[in-house]
Amino acid sequence: MSSPASKDAICTICGSRREITATDDLGCLPCLLRTGLEEEPSSGELGGSAVPETFGTYVIARHEDGTLHELGRGAMGVTYLAEDTSLQRPVALKLIEANFASSNPDARERFMREARAAAALRHPNVATVYQFGAEEETGQYFCAMELVEGETLEQRVRRTGPLDVRATIEIARQVTAALLVAESCGLVHRDLKPANIMMTKPGKRDEVVAKVIDFGVAKALQETPDRRHLTHGGFIGTPAFASPEQLRGDTLDVRSDIYSLGATLWYALTGLHVESKDARPPALPVGQLKSAQVPTRFISLLRAMLMTEPAARPSVEELAARLQAIEKGKARPIFNGLAGLVVVGALAFGYYFYTSPAPPQRDAVSFSKSVAVLPFDDLSEQQNHSTFADGVQDELLTNLARIADLKVVSRTSVMQYARGEHKSLREIGRQLGVAYIVEGTVHQLGDKVRVSAQLIDARSDLHQWSHSYDRPLGDVFAIQSEIAQTIAAQLGAVIAPHEKAAINAQPTHDLAAFDLYTRAKSLLEKTSFSPRGKDNLFQAAQLLQEAVSRDPKFLLAYCQLAAAHDVLYFLGFDHTPKRLALAEAAVKAANELGPGSGEAHLARARHLYQGYLAYEPALAELEVARSALPNQSSVFSLAGYIYRREGKWDESTRQFENALSLDPRNFYTLQQLSISYNLLRRYPDVAKVLDRALTIVPQDVDTLLSRAAVDLNWRADTRPLHAIIAAILAKKPSAGPDLAGVWIFLAFCEHDQEATARAVAALGDGTFGPGALQFRRTFWEGLAARVRGDAEKAKEAFSRARAEQERIVAAQENFAPALCILGLIDAGLGRKAEAIREGRRAVELLPVTRDPINGVHIMEYLAAIYAWSGEAELACEQLEKVTKIPGNLSYGQLRLSPLWDDLRGNPRFEKLVASLAPAAGQ
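Summary of the structure given here. Since the model is a prediction, treat every value here as computed from it, not as a measurement. (Residues numbered from 1 in each chain as written. Predicted model: local features only at pLDDT ≥ 70, side-chain atom pairs only at ≥ 80, totals over all residues. Heavy atoms only, no water.)

Comments concerning the pairing of strand β23 (residues 448-457)
Residues in a regular strand point their side chains to alternate faces of the sheet. Using the following cut-off: A simple rule labels every residue: compare its accessible area, found with a 1.4 Å probe on the protein chains alone, to the largest value its type can have, and call it buried under 20%, exposed over 50%, or partly exposed in between. Numbering of helices and strands runs from the N terminus; a helix is a DSSP stretch of H or I covering at least four residues, while a strand is a stretch of E covering at least two. The pairing criterion for strands is at least two bridges between them, as found by DSSP.
With 7 of 10 residues buried, β23 is to be regarded as a mostly interior element. Bridge analysis of strand β22 (residues 436-445) against β23 gives 10 bridges, and the strand direction is antiparallel. From the neighbouring strand, Leu445 faces β23, where its bridge partner is Lys448. Adjacent in sequence and paired antiparallel, β22 and β23 are bridged by 2 residues, among which Gly446 carries a positive phi angle near 65 degrees. Where β23 lies against strand β24 (residues 462-472), 10 bridges are found, and the strand directions are antiparallel. Looking across to β24, one finds that Gln454 is bridged to Ser466. Taken together, β23 and the strand that follows it, β24, pair antiparallel across an intervening segment of 4 residues, in which Asp461 is found at a positive phi of about 65 degrees.

If you want it as structure tokens, here you go:
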């Protein structure tokens, strides 16, 4: 292979004249391959030309040997020590590289306008810019700045090695303070890196002040024209520390500087550079960071700062708040004669810092300290305060769940024991696996409230404690805090100071907002199995928006609001930038209100996972959330989802089991376990888990349907599923819409045209499909016509489906599932080239390595596209790949689904189907 053409030019990274490939505008190859740090000082020339000695009132200093006193050089030019002869003070004088200069008057004016804006920035952590100007004779741009005594962060790391955690956090805090002010002035640094952070000691022992240099210079330079008098618009900065959007040439804001600061802090801690591949967030080696005693919360923050998508990074306000929270909880160093300074763990405000021990395992908590809080009965005369009673019970449960020395069963399991029904407390205790049960009542009368609670030993059915509280309605949260701490004392549980502080904190001062929050939370919990989950999500989001509008400081409501938006986006109900931005705004608000809150970290973890498929950063957030929420089952279940998406099946299963230990009657988690086993094609295990779910609620329709579908997937036996659907429809003919998806699946597998038509009609405006691939009714109408050989009807239905899907694809750019559906529709219309192109593009957009669930679905439907397009061999080749990895595609589906009718009789296909058949006797 021949080398690309090269030219002799100025490298925009190191400022030297070197050979640069014609295909690369950034700089010379050594600079692009090296670390991206500053060049060592060199000669007294700029761009190969002699440097004038005087610039207005500034005179460059010289060494004793007569050479110019150079302080450093970088992408934009060379900096010299100089004297302001007018004010008789030393300054740092940066001479801007010649290739940024221009004789164009408009460009010079634009440069000076940007330069003046940069010079207006004043902050203790920013080196002051005294003047921007140009030398009269040569037109050489220069910038006179405050001379900061000390060394750059880069020089410090090179001299002494990586910084300790304390110093790094302090530098991060000071630079963030500078970014806050810069953002308010509309300034972006664009070249934030270790070489542009000066470290100086003001005289106090161990105190270090960080000052950012060159602030705003890059912005001014980017607005200058190039040699052809065109807007420069090219890359300005240092590749090793530049944000992805900066390298792409996109519009920048402060979030670009936040990325660069994250890369800088990583360098400060390790002496290494961040490496990111495939446009994904860099995988920071946690083991290395922990060996350097980096707090888990700081690791999580670094990952967030280094997210590929700018919107996924914390805002500068959130960054400042989280750093302040970490700073407050940092440990004091102690001296060890053998090891020098070491850092010991400290626990404050819910944080585990330098040693960051793992939270206690659930089975390590004594059984005598296990408790469940049942739904409270509503005794209010008007009987219209049920949501208020639910809220009181939920807040009490939440407070108890904060105590790591207790095992507290999650809300989903306890809410199944409805108020007013006869209960055997011993049986409930056995089912939930707890020693104690809390029951209570709520009686609201005007502006007064009575809350009664009792603690019962479920093993003996004896009352351990009971009390009634008569208070003003506004004191209801204080009542819950008192009850939680009293119950903990009765059980002999130790409450840590940070746990007590969290328990005493009032979630909101607006009871109406709390009612909206409680109603929304109930809707979100009911979404798990409901085919109408989309409506629940939109309604919950509306209620929560009303709640935060009433109380803009309602942190928990923001967390739930983020969850509603994220699920709508993740499931494809509204996979649009607008929906993602709404989720991001809610997460941002939550983190600004409570940077140390476990709920805020959990919300951010969910957002990183569902919004960006950023698995490792999400897991880091979960690690932080778990220490503050030791009894929160969703922390473990979310980890289960993430590990499953990473293809870590054993770890995923373990996390789901951890979630079930805290939420043993959670149908959704049991279903998730069954889904995992189904993807692994472990059908006997699927059956066992679903049977366990049916012991909890024997008549749960969704579980019955899922259990019956096991036989279809495993053995190609449609009879159990057929019997269940027929029985439900016979008892309740109006249940068709709730059964539509699985009914369509069965009808197609049985090649029953009449049932297919009824099932498709029952779908109405809903959707059905695997995972994020949700097909609308018009598609299923097209497939039904195709199966019965009605080409005209198939074309008409697929054409309508295509018009609908085109709008979806246009609104959800680069959403692989939507594009894949469009590809299958085009295949049904005979648009072979378009269909294959769309299917292949969908696979590229969402490869199985990034999403082992939806990625496999897309691979499967690409095989269908090939089959419908007459490419049987390509279809079989694709199916062979799909069946070798975990996925939904089963023996029953391949044998019965009309999706594969075009391949019937193909020897390669028939061999593949036979290979998935169950063993004899199964």
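Notes on the environment of Pro194
What counts is decided by this rule: Note on contacts: a residue pair qualifies if any of its non-hydrogen atoms lie within 4.5 Å across the two residues.
Mapped onto the fold, Pro194 is located in the loop between α4 (165-184) and β13 (197-200). For Pro194, a relative accessible area of 0% gives the class buried. With 74 residues separating them along the chain, Pro194 and Ala268 place their C-alpha atoms 7.8 Å apart. When near neighbours in sequence (up to four residues on either side) are disregarded, Pro194 contacts Thr152, Leu153, Glu154, Phe241, Thr264 and Tyr267.

Some thoughts on the packing of aromatic side chains
Rules: We call Phe, Tyr and Trp rings a pair once their centres come within 6.5 Å, taking the six-membered ring for Trp, and we label the pair stacked below 30 degrees between planes, edge-to-face above 60, and tilted otherwise.
A full pass over the atoms with the stated rule returns 20 aromatic pairs. Centroid distance Phe748 to Trp780: 5.9 Å. Interplanar angle 40 degrees. Geometry classified as tilted. Of this pair, Phe748 sits in helix α28 (residues 736-749) while Trp780 sits in helix α30 (residues 777-787); the two residues are 32 residues apart in sequence, bridging distant segments of the chain. Each of the two residues, Phe748 as well as Trp780, counts as buried. With a centroid separation of 5.4 Å and an interplanar angle of 35 degrees, the aromatic rings of Phe768 and Trp780 are classed as tilted. Remark: Trp780 occurs in helix α30 and Phe768 occurs in strand β25 (residues 767-768); sequence separation between them is 12 residues.

Observations concerning the nonpolar core
As a reminder, the rule being used: We define the nonpolar core as a collection of buried residues of types Ala, Val, Leu, Ile, Met, Phe, Trp, Tyr and Cys that are connected through side-chain atoms lying within 4.5 Å of one another.
Formed by 116 residues in total, the largest nonpolar core has its most connected members in Leu721 and Trp900. Apart from the residues within four sequence positions on either side, Trp900 is in contact with Glu860, Ala863, Ala864, Leu879, Leu889, Gln893, Leu894 and Phe909.

Some thoughts on helix α29 (residues 753-763)
Put simply, the rule reads: Arc definition: directions from the helix axis to the C-beta atoms. Identification of polar contacts relies on pairs of N or O atoms within 3.5 Å, with a donor-acceptor requirement for protein atoms, meaning one able to donate a hydrogen and the other able to accept it, and with residues adjacent in sequence counted only if both atoms are side-chain atoms.
Of all the positions in α29, only Ala755, Thr756, Ala759, Val760, Ala762 and Leu763 are classed as buried. The buried residues of α29 occupy an angular sector of 155 degrees when the element is viewed end-on, so they sit on one face. Residues of α29 that are exposed and angled more than 90 degrees away from the buried face: Gln753, Glu754 and Ala761. For α29, the elements touching its buried residues are α28, β25, β26 (775-776) and α30. The opening residue of α29, the one whose side-chain oxygen lies 3.2 Å from the backbone nitrogen of Glu754, is Asp752. Just downstream of α29 lies Gly764, where phi reads positive at about 60 degrees.

All we've got here are geometric facts, nothing functional implied.
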